[in-house]
Structures are given as C-alpha cells and as structure tokens.
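Working through the structure, step by step
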Amino acid sequence: MTSSANNRIYKILPDGSYSVFVQNSALNGLTGITIDSSNNLYVSATSNNTICKITPAGVITAIAGTAGTSGSTDAAGSSARFNSPWDIDIDAAGNLYVADRGNNLIRKLTNSSGTYTASTIAGTAGSTGSTDGTGSAARFNAPTGLAVDAFGYVFVTDTGNDTIRRLAPPSISIEVDGSDSATVSGPIANDAHKTGAGTSVLSGDNSSLLNLSVDAGLVKVSATNHVGKSVSFNGGNMEVTSGTIAIPVVDARSAATITTDASAAVSAIAAPYGTSLLTIAGSGVVTAGNMSASTTPLSIPGVMYVGASSSSKMPTGVATVPNGGLVKIMGATASSVPGATQLQSGAVLEVADSIAVPAHTGADIFGTLKFDSGSELKLGNGSTWARNITVGTAL
C-alpha cells in the first residue's frame, strides 16, 4: 500500500497488521504500484516524475525519468521524461505500462536486461480529447488508472472523459498468403496470427508471445520457451518439432491437432474450451494441466500425461483414446483421474504406483470410464481401482 503524503510504502500481512516497508524522498507523491514475479515493486513517484524499482530488501532505484524534470521524451533510463506519471502495471514479459497523466499519454517501459526504455504507445503529448484510434491518433484526458491483462490488453481509466478505454496489443501476421512457407526467428511480441494456407515456423525463444491464433495451415514450433499464454485454433494445426513448449491455455474453436515429434514435448496444456475436436497426437509427450473446465471433445492417439501436479486433470468433456493412444495418470489425487472417457480397442490407460482411485460418487464430477474390448487398464504397484467401469460399450 502506498502513502502519497508520507512518501511511504506499507507492508500489510494477512492478519491485518502492517509496517512501513520503505520511506524515502525519492518516492515523492506515490500514486501507482505493481509487483513482478521476483517480488520487486515498481512505483510511480508522481511529484518526482520518475518510475522507481524497489527490491525485496528495500533498495530503491529510479529506472526511468529524472527527479524534478518533466517532459514527454521517449528514451532509456534517466533520459526519459514524464509529466505526473500516475498508475503503473507490468506484463508477463516484465515490461511496464504507465498512465502519464500530465501528458495525456499511455507509455510503455520495455525491459531489456534491466534497462527500461520509454515509448509512447497511445496519445499525443499536450493534446486532450477522447478519440479512439491507433498510436498517436488516440486522445485521452488525464488518464489515471491502468491495468494489463494476461493477453497484453491495457485498460485505462480516462478520468477527464469519464470513460474506460482499452488498448489492444500490437500484432503481426506470420503468414498472409497461399501455400508458401515462412520462418519467424527470435521473440515475437504480444499477438501473432497464422492466416495463410502454408506452413509457418516459429524458432527461438518466443516467451514474449502472448497470443497465437492459428487461423489456417500449419504452425511448426521449435522454441525454448512459451509459444503463447494462449493458443487459439480457428482453423489449422500445430506441430511441436523440438524443445519443451508450454501452452497454458488452448482455445479450440474449430477442429485442431497438436502433434509432437519424438524429441519434443508440450507441457502445461490446460483448459481447452469451445465446441470442436482437439486432438493430441504424435510420438512426443503432452502433459495436461488443469483441464477440468473443458467442454471440448478430446482425442488422444498419442501420449498424454495427466496428474503431474495436484491441479492437473483430464477434461470433463468427452475424451476418446483410440488404438495406439496412451494416457498415463501420474498424480496422487482422485480428481486427476479421467472420466467420461472411452478407451477404444488397443488403447491403454496406465496408472502410476500407489495411486488410490475411489469409486464414483455423487460428489465426483467425473463420469464412468468405458473400455472397449482390447483396451487395457494398467495399475502400478500399490495402486487400487475402485471405480465404476463399463467394458465393451461406446460413449
């Protein structure tokens, strides 16, 4: 909690007790505060026209702007200029966004190895209005509040206009025509859209990519980090060719297949939703996250691990494991066990050692497993299975 009048930041404990975390004249006129994944605080010192970083140990550093100097200059570090910077927030890549109230601007501080470079992403300094538009064509009137969501959208309270405004993240198209191939190397910021019928290759570290929309064709991923905080399939498919790729959320709005090569793996795939079939295929391994919110039919002709953590679950929607498919239950909770699932002939459901699976009850949100003739249930040493099972029937 900030105290603007006292140049203080308070730490408040869950029991309601509080103490002064830092107090310093560098924090003159505190208005905005946010925190990163390493528990560093970032604050807007409005009266000083600076943005400051505060480490968990309480060390304060001005990362953008110069105390006592106002302006609207886009530059790195102390060369940047603000005019009464108000609220502040941080995105998943560690970049900061600032409501620069006195300038009627929305500013971005891009983080490159701890050096923050200011840029103007919306508005024109000194111009007041309420115009919707891109970049400098937009107009604000004393923007004060600001928040960034998981997909890179920036929401602004435009105080002088009594409105809430939304800034969409910039996006690129990774292929726009025909059946040609395109390779994108290195980071992709925010959104990427696969729109053509051919193949596009994403290589390198794509950790800055927030949303990947696969609208057509095939996207091949060869990366060292996330392919996106969210991947939506509006048409087209994805193949993971190397590395371990994290895809926290999948939105399958049309039939889609995620295929893994032998040397590749997809981790943290979670909460697919929509109305169309999502297929997990290939010789690599896919590890499920919490898929309990799913209404998407799921097909698993490949290999899928479930229950690697207590939050990892199979979907509540219909899942089909055809011949050659393998689902491994690795967690230790009943909620990790798939339900409303049909194992067709040749499919295997394998349960790791020492996992007890209780019988289906009214409180159990998962349905009964159905095994076709020729499918297998393998129980590890110490495992027990006391659940409703129907053999030789279809869903």
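Scroll up for the structure.
Since the model is a prediction, treat every value here as computed from it, not as a measurement. (Residues numbered from 1 in each chain as written. Predicted model: local features only at pLDDT ≥ 70, side-chain atom pairs only at ≥ 80, totals over all residues. Heavy atoms only, no water.)

Moving on: the overall build of the chain. Across its full length, the chain carries zero helices and 39 strands. Counting across all 395 residues of the chain, residues that qualify as buried make up 46%. Look at the contacts in the chain between residues 6 or more apart in sequence, and 28% of them connect residues 24 or more apart. For the chain, the computed accessible surface area is about 16100 Å², with 50% contributed by carbon and sulfur atoms. (Helix = DSSP H or I, 4+ residues; strand = E, 2+ residues; numbered from the N terminus. Buried < 20%, exposed > 50% of the residue type's maximum accessible area, 1.4 Å probe, protein only. Contact = heavy atoms within 4.5 Å. Areas by Shrake-Rupley, 256 points an atom, 1.4 Å probe, with all protein chains shown as cover.)

Our focus in this paragraph is the pairing of strand β6 (residues 50-54). Counting buried residues in β6 gives four out of five residues, a clear majority hidden from the surface. Summarising the sheet, β6 and strand β7 (residues 60-64) pair through four bridges and their orientation is antiparallel. Looking at β7, one finds that I51 is bridged to A64. Counted along the chain from β6 to the antiparallel partner β7, the turn is five residues long, and its residue G58 has a positive phi close to 95°. (Pairing = 2+ DSSP bridges.)

Inspection of the secondary structure assignment puts T34 in strand β4 (residues 30-35). In this structure T34 comes out as buried when scored by relative accessible area, which is 10%. In this structure the C-alpha to C-alpha distance between T34 and D89, which are 55 residues apart in sequence, comes to 5.4 Å. Residues in contact with T34, not counting those within four places in the same chain, are N40, L41, Y42, I88, D89, I90 and L96. Of the polar contacts made by the side chain of T34, one reaches the side chain of D89; its length is 3.0 Å. (Polar contact = N/O pair within 3.5 Å; in protein donor to acceptor, adjacent residues only side chain to side chain.)

Attention now goes to the sheet that holds strand β11 (residues 115-122). If you walk across this open sheet you meet the four strands as β8-β9-β10-β11, and the pairing is antiparallel. Pairing within the sheet leaves two strands with one partner each, and these edge strands are β8 (85-90) and β11. Shown here is a sheet whose adjacent strand axes are inclined to one another by a mean of 25°, direction ignored. Bridge count for strand β10 (residues 105-112) against β11 is seven bridges, and the pairing is antiparallel. Opposite K108, over in β11, you have S119 as the bridge partner. (Axes fitted to C-alpha atoms, helices over the stretch in contact; angles between N-to-C directions.)

This brings us to the packing of aromatic side chains. Throughout the structure, instances matching the rule amount to two aromatic pairs. Relative to Y18, the ring of Y10 has its centre 5.7 Å away and its plane inclined at 80°; by these criteria the two rings are edge-to-face. By relative accessible area, which is 59% here, Y18 ends up exposed. Sitting above the plane of the W86 ring, R101 keeps its charged end 4.8 Å from the centroid. (Phe/Tyr/Trp six-rings, centres within 6.5 Å; stacked < 30°, edge-to-face > 60°. Lys NZ or Arg CZ within 6 Å of the ring centre and 35° of its normal.)

A few words on the sheet that holds strand β12 (residues 143-148). The strand order β12-β13-β14 describes an open sheet built from three strands, whose pairing is antiparallel. The sheet is open, and its two edges are formed by β12 and β14 (163-167), each paired on a single side. When the angles between neighbouring strand axes are averaged without regard to direction, this sheet yields 20°. For β12 and strand β13 (residues 154-158), the ladder comprises five bridges, and the chain directions are antiparallel. Residue pairing for β13: A147 is matched across the bridge by F155.

Here we take up the pattern of salt bridges. With the rule as written, the count across this model stands at four salt bridges. Salt-bridge contacts for R165 lead to D132; the nearest nitrogen and oxygen are separated by 2.9 Å. Placement of the pair is R165 in strand β14 and D132 in the loop between β11 and β12, with a sequence separation of 33 residues. In this structure, the salt-bridge partner of R165 is D158, at a minimum N-O distance of 2.7 Å. When sorted by exposure, R165 lands in the same class as D158, which is buried. One continuous salt-bridge network, built from bridges that share partners, spans D74, D100 and R107. (Salt bridge = Lys/Arg side-chain N within 4 Å of Asp/Glu carboxyl O.)

For the rest of this paragraph, the subject is the side chain of T279. Position of T279 relative to the elements: it lies in strand β27 (residues 278-282). Each residue touching T279, except ones within four places of it in the same chain, is listed here: A256, T257, I258, S299 and P301.

Here β13 pairs with β14 via five bridges, running antiparallel. Each bridged residue has a counterpart across the sheet, and for D158 the counterpart in β14 is T163. Between β13 and β14, which pair antiparallel one after the other, the connecting turn spans four residues, and D162 there sits at a positive phi close to 55°.

Looking at the element boundaries, S213 is found in strand β19 (residues 209-214). Relative accessible area serves as the criterion here: at 9%, S213 is assigned to the buried category. Only 2.8 Å separates the side chain of S213 from the side chain of D215, close enough to count as a polar contact. At a separation of 3.5 Å, a polar atom in the side chain of S213 contacts the side chain of S232.

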